[in-house]
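The chain contents come next:
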Amino acid sequence: MSDNRPTTSDYEYLDENGIDIELKCAICRQPFLSPVSLTICGHTFCKQCIKTWFIRAPTCPTCRQYAISYVKRDNRLVQTFPYVAINIRVVTNQLDRLLVRCLLCDETNIQRCHWQIHQKRCAKRRVICPAADLKCLWEGTRETLSAHLNTCTYYQMQPAINELKNELTTVQVIQNELKNSVTMLEKKVEFLLKFINHGQIMMASCSESENDCRYNTINDLHHVWRFLCSICNEYVPRDQIQLHACSGNCICRSCVYSQYSDHRQINELLS
Ligand SMILES: [Zn+2]
Ligand SMILES: [Zn+2]
Ligand SMILES: [Zn+2]
Ligand SMILES: [Zn+2]
Ligand SMILES: [Zn+2]
Ligand SMILES: [Zn+2]
């Protein structure tokens, strides 16, 4: 067996030397797995093998041609290694029909295309407990799993715990909704307190004679005066002020409208 064999495959080929050299990858020396061929030279490798290869070298492992090309993406050049998947039926069929032997359970004459099915039921394959997410640390072969499950408290508790988890998620959703409502109400209260303005309720127009109003900008020839909005704490020009108390504070238009998006509510507030 070659040392380059992907560690994920726990099988070996029957009659490895009898397999056509044309079906073997020059990198791992094994029959192709998901073969791809480089567009620049047509040489074929396992997809995973060539991807790993290009991390270290920019050239074709067989003919040493420079295999990188550059494409423009979002105005910068990005490296690509163009290759295409080999989907030719005669090739993929030959690969699919190669016979392998499971190194774990010794079952033999498994067609390679059925390897994943075998893996899922191989008695000697190492599996973890289905309750591993509940911190059951058990690990063992599939054939010993059912004996473990009979004694695993985590596994037996799993349905009940999952139900609680679901309930918890629901509670968290409700909690977030409540939090949002509370924040909204807090904002509304803060707005109304500012609006009431220690008894000097703000209005859209002057409540006293305009001449005595500190928001009267008749002498502001260059329109430079700014007034502090009680809600957003920003300095805004007179024409941006929606509510004011002549000798007191003010609230800017955007604060009023963001609090009362409904125009009827604003009219009510202003009346
Ligand atoms: Zn390979
Ligand atoms: Zn090549
Ligand atoms: Zn097996
Ligand atoms: Zn367990
Ligand atoms: Zn005023
Ligand atoms: Zn404001």
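This is a predicted model, so every value here is computed, not measured. (Residues numbered from 1 in each chain as written. Chains lettered and ligands numbered in written order. Predicted model: local features only at pLDDT ≥ 70, side-chain atom pairs only at ≥ 80, totals over all residues. Heavy atoms only, no water.)

1. Looking at the overall build of the protein chain
Part 1 of the argument: Tallying secondary structure elements over the protein chain gives seven helices and 14 strands in all.
Part 2 of the argument: Here the C-alpha radius of gyration of the protein chain, 37 Å, is well above what a compact globule of 271 residues would show, namely 18 Å.
Part 3 of the argument: Sorting the 271 residues of the protein chain into buried and exposed places 30% on the buried side.
Part 4 of the argument: Seen as two clouds, the 31 positive and the 27 negative side-chain charges of the protein chain have centres 8 Å apart. (Helix = DSSP H or I, 4+ residues; strand = E, 2+ residues; numbered from the N terminus. Rg over C-alpha atoms; globule rule 2.2 N^0.38 Å. Buried < 20%, exposed > 50% of the residue type's maximum accessible area, 1.4 Å probe, protein only. Lys, Arg positive; Asp, Glu negative; His and termini not counted. Charge placed at Lys NZ, Arg CZ, Asp CG, Glu CD.)

2. What about the packing of aromatic side chains?
Part 1 of the argument: Under the definition given, this model contains five aromatic pairs.
Part 2 of the argument: On the basis of an interplanar angle of 85° and a centroid distance of 5.6 Å, the ring pair of Tyr-11 and Tyr-13 is categorised as edge-to-face. Residue Tyr-11 shares its accessibility class with Tyr-13, and that shared class is buried.
Part 3 of the argument: Centre to centre, the rings of Tyr-11 and Trp-115 are 4.9 Å apart; their planes meet at 75°, and the pair counts as edge-to-face. Of this pair, Tyr-11 sits in strand S1 (residues 11-13) while Trp-115 sits in helix H3 (residues 115-121), placing them 104 residues apart in sequence. Residues Tyr-11 and Trp-115 agree in their burial class; the two are buried.
Part 4 of the argument: Members of the aromatic cluster, joined through ring pairs, are Tyr-11, Tyr-13 and Trp-115. (Phe/Tyr/Trp six-rings, centres within 6.5 Å; stacked < 30°, edge-to-face > 60°.)

3. As for the environment of Gln-156
Part 1 of the argument: In this fold, Gln-156 is placed in helix H5 (residues 153-196).
Part 2 of the argument: Between the C-alpha atoms of Gln-156 and Asn-197, which are 41 residues apart in sequence, the distance is 62 Å.
Part 3 of the argument: Residue contacts for Gln-156: discarding those within four places in its chain leaves Leu-149, Asn-150 and Thr-151.
Part 4 of the argument: Reaching out from Gln-156, the side chain makes a polar contact with the backbone oxygen of Asn-150 at a distance of 3.0 Å. (Contact = heavy atoms within 4.5 Å. Polar contact = N/O pair within 3.5 Å; in protein donor to acceptor, adjacent residues only side chain to side chain.)

4. Structural notes on the UniProt feature "domain: RING-type" (unreviewed entry) in the protein chain
Part 1 of the argument: Here, the residues flagged by UniProt with the feature "domain: RING-type" (unreviewed entry) are residues 25-64.
Part 2 of the argument: For residues 25-64, the helix share is 25%, the strand share is 18%, and the end-to-end C-alpha distance is 15 Å. (UniProt positions renumbered as here; feature names shortened; annotations may be inferred.)

5. A word on the coordination of the zinc ion (ligand 5)
Part 1 of the argument: For the zinc ion (ligand 5), every protein donor is listed as Cys-206 (SG), Cys-213 (SG), His-244 (NE2) and Cys-246 (SG), and the spread of their distances is 2.1 to 2.5 Å.
Part 2 of the argument: Given four donor atoms and angles of 106 to 115° at the metal, the environment of the zinc ion (ligand 5) is assigned as tetrahedral.
Part 3 of the argument: The buried category is assigned to His-244, whose relative accessible area is 2%. (Donors = N, O, S within 2.8 Å, 3.2 Å for Na, K, Ca; no water. Tetrahedral: all angles 85-135°; square planar, octahedral: opposite > 155°, others 65-115°.)

6. Some details on H5
Part 1 of the argument: In this model, H5 (44 residues) spans 62 Å end to end at C-alpha, consistent with the 64 Å of a helix rising 1.5 Å per residue.
Part 2 of the argument: Helix geometry: H5 is bent most strongly at Pro-159, by close to 45°.
Part 3 of the argument: Gln-158, Phe-191 and Phe-195 are the residues of H5 that are buried.
Part 4 of the argument: Directly after H5, the chain includes Asn-197, whose backbone phi takes a positive value near 55°. (Expected span 1.5 Å × (residues − 1). Bend = angle between axes of the 7 residues up to and from the residue.)

7. Let's talk about a nonpolar patch on the surface
Part 1 of the argument: On the surface, Tyr-66, Tyr-70 and Leu-77 cluster together to form a nonpolar patch covering roughly 360 Å² of accessible area.
Part 2 of the argument: Position of Tyr-70 relative to the elements: it lies in strand S4 (residues 69-73). (Patch = residues over 30% accessible without salt bridge, like charges linked within 9 Å, V, L, I, M, F, W, Y side chains within 5 Å. Areas by Shrake-Rupley, 256 points an atom, 1.4 Å probe, with all protein chains shown as cover. Salt bridge = Lys/Arg side-chain N within 4 Å of Asp/Glu carboxyl O.)

8. Thoughts on the side chain of His-148
Part 1 of the argument: Position of His-148 among the secondary structure elements: in helix H4 (residues 145-151).
Part 2 of the argument: With residues near it in sequence (within four places) discarded, His-148 still touches Cys-129, Cys-136 and Trp-138.

9. Structural notes on the pattern of salt bridges
Part 1 of the argument: Within the structure shown, the criterion is met by seven salt bridges.
Part 2 of the argument: Linking Arg-121 and Glu-107 is a salt bridge whose minimum nitrogen-to-oxygen distance equals 3.9 Å. With Arg-121 in helix H3 and Glu-107 in the loop between strand S7 (99-102) and strand S8 (110-111), this pair connects stretches of sequence that are 14 residues apart.
Part 3 of the argument: In this structure Glu-107 comes out as partly exposed when scored by relative accessible area, which is 32%.
Part 4 of the argument: Through salt bridges with shared partners, one network takes in Glu-12, Arg-101 and Asp-106.

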